[in-house]
Amino acid sequence: MQDIPPEQSLIEYPSDFPIKVMGKAHPDFAQTLTEVVRQFDPDFDPATVEMRPSSGGKYIGLTFTVRATSRQQLDDLYRALHAHHMVSVVL
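What counts as what
- Residues numbered from 1 in each chain as written.
- Predicted model: local features only at pLDDT ≥ 70, side-chain atom pairs only at ≥ 80, totals over all residues.
- Heavy atoms only, no water.
- UniProt positions renumbered as here; feature names shortened; annotations may be inferred.
- Helix = DSSP H or I, 4+ residues; strand = E, 2+ residues; numbered from the N terminus.
- Contact = heavy atoms within 4.5 Å.
- Pairing = 2+ DSSP bridges.
- Axes fitted to C-alpha atoms, helices over the stretch in contact; angles between N-to-C directions.
- Buried < 20%, exposed > 50% of the residue type's maximum accessible area, 1.4 Å probe, protein only.
- Patch = residues over 30% accessible without salt bridge, like charges linked within 9 Å, V, L, I, M, F, W, Y side chains within 5 Å.
- Areas by Shrake-Rupley, 256 points an atom, 1.4 Å probe, with all protein chains shown as cover.
- Salt bridge = Lys/Arg side-chain N within 4 Å of Asp/Glu carboxyl O.
- Core = buried A, V, L, I, M, F, W, Y, C linked by side-chain atoms within 4.5 Å.

- In the annotation of an unreviewed UniProt entry, the entry for the chain reads UPF0250 protein ACFOY1_13695, and the organism field reads Candidimonas humi.
- A UniProt comment under Sequence similarities (unreviewed entry) is attached to the chain, and it reads "Belongs to the UPF0250 family."

Pasting the structure below:
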């Protein structure tokens, strides 16, 4: 992946950055993915996770607002979430 010079980035670091994750509803979905997020943002507060079930209740959407410190951190977090077997979509 090509490095983007800081002056060309659309994101200023550090900053709060929302990441949306969707997957099939499961009792451990939020807790499991919070543990993944905390690997990349150790100060992440699990109480800030926003949860939205689908209208039929089959899926759940989570929003994690992480403290982004670098492009590398965000890229690594997106890759880890996307690779997780419980995750369908990461935005």
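**With respect to the environment of phenylalanine 40**
- Structurally, the position occupied by phenylalanine 40 is in helix H1 (residues 29-40).
- Linking phenylalanine 40 and leucine 74, residues 34 residues apart in sequence, is a C-alpha distance of 8.2 Å.
- Excluding its chain neighbours within four sequence positions, the residues that come into contact with phenylalanine 40 are Gln73, Asp76, Leu77 and Ala80.

**Quick notes on the sheet that holds strand S2 (residues 50-53)**
- Spatial ordering of the open sheet is given by S2-S3-S1-S4, a layout of four strands whose pairing is antiparallel. Single-partner strands in this sheet number two, and they are S2 and strand S4 (89-90).
- Bridging between S2 and strand S3 (residues 59-68) involves four bridges; their strand directions are antiparallel. Residue glutamate 50 lies in a different strand from S3, and its bridge partner there is threonine 63.
- H1 rests against strand S1 (15-24), S2 and S3 of the sheet, and its axis sits at about 25° to S3.

**Quick notes on the environment of isoleucine 11**
- Within the secondary structure, isoleucine 11 is located in the segment before S1.
- The class of isoleucine 11 is partly exposed, set by a relative accessible area of 24%.
- Through-space distance from the C-alpha of isoleucine 11 to that of methionine 22 is 23 Å; in sequence the pair is 11 residues apart.
- When neighbours within four sequence positions are excluded, isoleucine 11 is seen to be in contact with Phe17 and Leu74.

**Looking at a nonpolar patch on the surface**
- Residues Met22, Val89 and Leu91 make up a contiguous nonpolar surface patch of roughly 230 Å² in combined accessible area.
- In this structure, methionine 22 sits in strand S1.
- On the basis of relative accessible area, methionine 22 is assigned to the partly exposed category, the value being 31%.

**Comments concerning the nonpolar core**
- The biggest cluster of nonpolar side chains holds 21 residues, and the ones touching the most others in it are Ile19, Val21, Leu33, Leu62, Phe64, Val66 and Leu81.
- For this core, the elements supplying multiple residues, two or more each, are S1, H1, S3 and helix H2 (71-83).

**A closer look at the pattern of salt bridges**
- Taken as a whole, this structure holds four salt bridges when the rule is applied.
- Close ionic contact of glutamate 50 with arginine 52 constitutes a salt bridge, the shortest N to O distance being 3.6 Å.
- For glutamate 50, a relative accessible area of 41% corresponds to the partly exposed category.
- Here arginine 79 makes a salt bridge to aspartate 76, at a shortest N to O gap of 2.7 Å. With arginine 79 and aspartate 76 both in helix H2, this residue pair falls three residues apart, about one helical turn.
- A relative accessible area of 26% means that aspartate 76 is categorised as partly exposed.

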